[in-house]
Amino acid sequence: MRSLITGGAGFIGSHLAEFLIERGDEVVVVDDLSTGRLANLDRITGHPEFSFTEGDIRDEDLMAKLATEVDRIFHLAAAVGVMLIVKRPVHTIETNIQGTEIVLRCAAKHGLPVLVASSSEVCGKGTGVAFEEEHDMVLGPTSRSRWSYAASKAVDEFLALAYHREQGQRTVVARFFNTIGPRQIGQYGMVVPRFVSQALKGGPITVFGDGTQSRSFAWVGDVIRAIVGLIEEPEASGRVFNVGCDEEITIGKLAEKVRDMVDPGLAIVHVPYDEAYEEGFEDLGRRVPDLTRVREAIGYEPTLGLDEILKLIIEDIRGRLDASIRIDRPSDCGQW
Ligand SMILES: NC(=O)c1ccc[n+]([C@@H]2O[C@H](COP(=O)([O-])OP(=O)(O)OC[C@H]3O[C@@H](n4cnc5c(N)ncnc54)[C@H](O)[C@@H]3O)[C@@H](O)[C@H]2O)c1
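Here we summarise the structure given alongside this text. The model shown is predicted, which means the values in this text are computed figures rather than measured ones.

Conventions we followed
- The numbers attached to residues start from 1 for each chain and follow its sequence in the written order.
- pLDDT decides what is reported in this predicted model: residues at 70 or higher carry local features, side-chain atom pairs at 80 or more are listed and counted, and totals for whole chains, interfaces and linings draw on all residues regardless.
- Buried means a residue has 20 or more other C-beta atoms within 10 Å of its own C-beta, exposed means 12 or fewer, and partly exposed covers the counts in between; C-beta atoms are placed from the backbone.
- Runs of H or I in DSSP of at least four residues are treated as helices and runs of E of at least two as strands, each being numbered from the N terminus.
- Two strands qualify as a pair provided DSSP detects at least 2 bridges between them.
- Each residue is represented by a C-beta atom placed from its backbone, and any two residues with such atoms within 7 Å are regarded as in contact.
- Note on method: axes are straight lines fitted to C-alpha atoms, helices fitted across the in-contact stretch only, with angles between N-to-C directions ranging 0 to 180 degrees.
- Should the C-beta atom of a residue, placed from the backbone, lie within 6 Å of a molecule or strand, that residue is near it.
- For this classification, Asp, Glu, Lys and Arg are treated as charged, while Ala, Val, Leu, Ile, Met, Phe, Trp, Tyr, Cys and Pro are nonpolar and the rest, including Gly, are polar.
- Note on terminology: a nonpolar core is a set of buried residues of type Ala, Val, Leu, Ile, Met, Phe, Trp, Tyr or Cys, with members joined through C-beta atoms within 7 Å.

The subject of this paragraph is helix H6 (residues 191-200). Residue pairs spaced three or four apart in an α-helix point in one direction, given the helix's 3.6 residues per turn. Burial of H6 is extensive: 10 of the 10 residues sit out of reach of the surface. Three or more residues of H6 are buried, namely Val 191, Val 192, Pro 193, Arg 194, Phe 195, Val 196, Ser 197, Gln 198, Ala 199 and Leu 200. One or two positions beyond H6, positive phi appears at Gly 202, with a value near 100 degrees.

The next thing to look at is the environment of Glu 22. Mapping Glu 22 onto the fold places it in helix H1 (residues 11-22). Between the C-alpha atoms of Glu 22 and Asp 316, which are 294 residues apart in sequence, the distance is 21 Å.

Turning next to the sheet that holds strand E14 (residues 286-287). Read from one edge to the other, the open sheet built from three strands follows the order E12-E9-E14, with strand pairing classed as mixed. The sheet is open, and its two borders are formed by strand E12 (248-250) and E14, each paired with just one other strand. In this sheet, E14 lies alongside strand E9 (residues 214-216) in parallel orientation, the contact comprising two bridges. Its bridge partner lying in E14, Ser 214 is registered against Arg 286. Along the sheet, helix H8 (residues 251-262) makes contact with E9 and E12, crossing E12 at roughly 85 degrees.

What follows covers the site of the ligand. In the vicinity of the ligand, 29 residues are found, and the nearest of them are Gly 7, Gly 10, Thr 35, Gly 36 and Ala 78. When residues of the shell around the ligand are traced back to their parent elements, those giving at least two are H1, strand E2 (26-31), helix H4 (89-109) and strand E5 (114-119). Looking at the shell around the ligand element by element, the count peaks at three residues for H1. Among the residues forming the shell around the ligand, the class breakdown is 13 nonpolar, 12 polar and four charged.

Of the pairings in the sheet, the one linking strand E1 (residues 2-6) to strand E4 (residues 72-75) comprises four bridges and is parallel in character. Bridge pairing links Ile 5 to Phe 74 in E4. Examined bridge by bridge, E4 and E5 share three bridges and lie parallel to one another. The partner of Phe 74 across the bridge, within E5, is Leu 115.

Residues Ala 174, Ile 227 and Leu 230 are the most contacted members of the largest nonpolar core, which totals 95 residues. Broken down by element, this core gets its largest block of residues, eight residues, from helix H7 (residues 220-232). Here Ile 227 is in contact with Leu 16, Phe 74, Leu 115, Ala 174 and Val 243, once residues within four sequence places are set aside.

Between Gly 203 and the following residue, Pro 204, the backbone shows a cis peptide bond with an omega angle of -5 degrees. Looking at where Pro 204 falls in the secondary structure, it is placed in the loop between H6 and strand E8 (205-208). Backbone geometry at Leu 33 places phi at a positive 60 degrees, although glycine is not the residue there. Inspection of the secondary structure puts Leu 33 in the loop between E2 and strand E3 (50-54). Positive phi outside glycine occurs at Arg 183, with the angle close to 85 degrees. Residue placement: Arg 183 occurs in the loop between strand E7 (179-180) and H6. Since 20 C-beta atoms lie within 10 Å of it, Arg 183 is described here as buried.

Below, the structure is given as structure tokens:
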């Protein structure tokens, strides 16, 4: 089996690439290295079944060529991270909409199954206790940049489902809720690596807002097994699946957990959203997935609890910070 992974030098994509190579598959990665890093692929670079192409998914000639070399596509490339989205809304909208259009068009020409990575942001401000795939989307106004990410991912979902309905193409949408693990960077607003990195540098840990907002955090290893399961399950085609973990924690409690695991003496401070992101920034109170559909379709079950995952992330970020200091590249420390 030959898989193309767009965004394969990123956090989730690089774990997926390793998983598929270990299984004996052939993997082609395309990535423009905007938020991804070649170092994420160190373990498989040079493997005979692995190849990397630096390029933009909006380059249709490139994508058309890559589509002739594979049997299926995991489409993960996107502008990601609340910070990046708020700062670069044009880039976000263009990357997420145009990029997905091109990937789906090229895949359709060759009848390739495609898994499209979406996001729980699509659920928006919905008030359901646990978000189901068929719940209404409740997004904020277009004057707030953050909603451009949700809207662009919603268009991606519509498009993937439309290719299935109109052309019978095998497409499946995985709606990721917060996914965490080694290699994720905090630079663009990802909360766990940001907290861990702040704690390892001696604090303070900065909580945006009052900390009562809650999230659920899924282990990246569980998420990649889910997406491989979904692309390989014919009955999943033409459907949207929540992928995540349904164990909920407030961001305030998460900060305390990280502090206690790194150094219980560290300070935790609160920063208003207006200061952290943009004036009038709207955050979401709760975001927990209902996992019934993915459980029924592929027997998905999260395997690692938050404490175990945090231990692995602390180890990873500690190693990266130490390595940056050793090789005298202090500027690299900042991004985690
Ligand atoms: N990590 C999460 O918690 C989470 C949650 C919801 C959705 N997602 C989705 O999962 C996917 C992967 O996210 P991630 O967390 O691994 O982020 P990431 O930033 O590590 O990965 C995205 C990758 O896409 C690449 N990329 C961006 N624009 C590109 C372009 N135009 N052409 C080629 N490559 C490009 C980046 O360089 C990066 O390697 C994304 O689609 C994201 O929206 C992630």
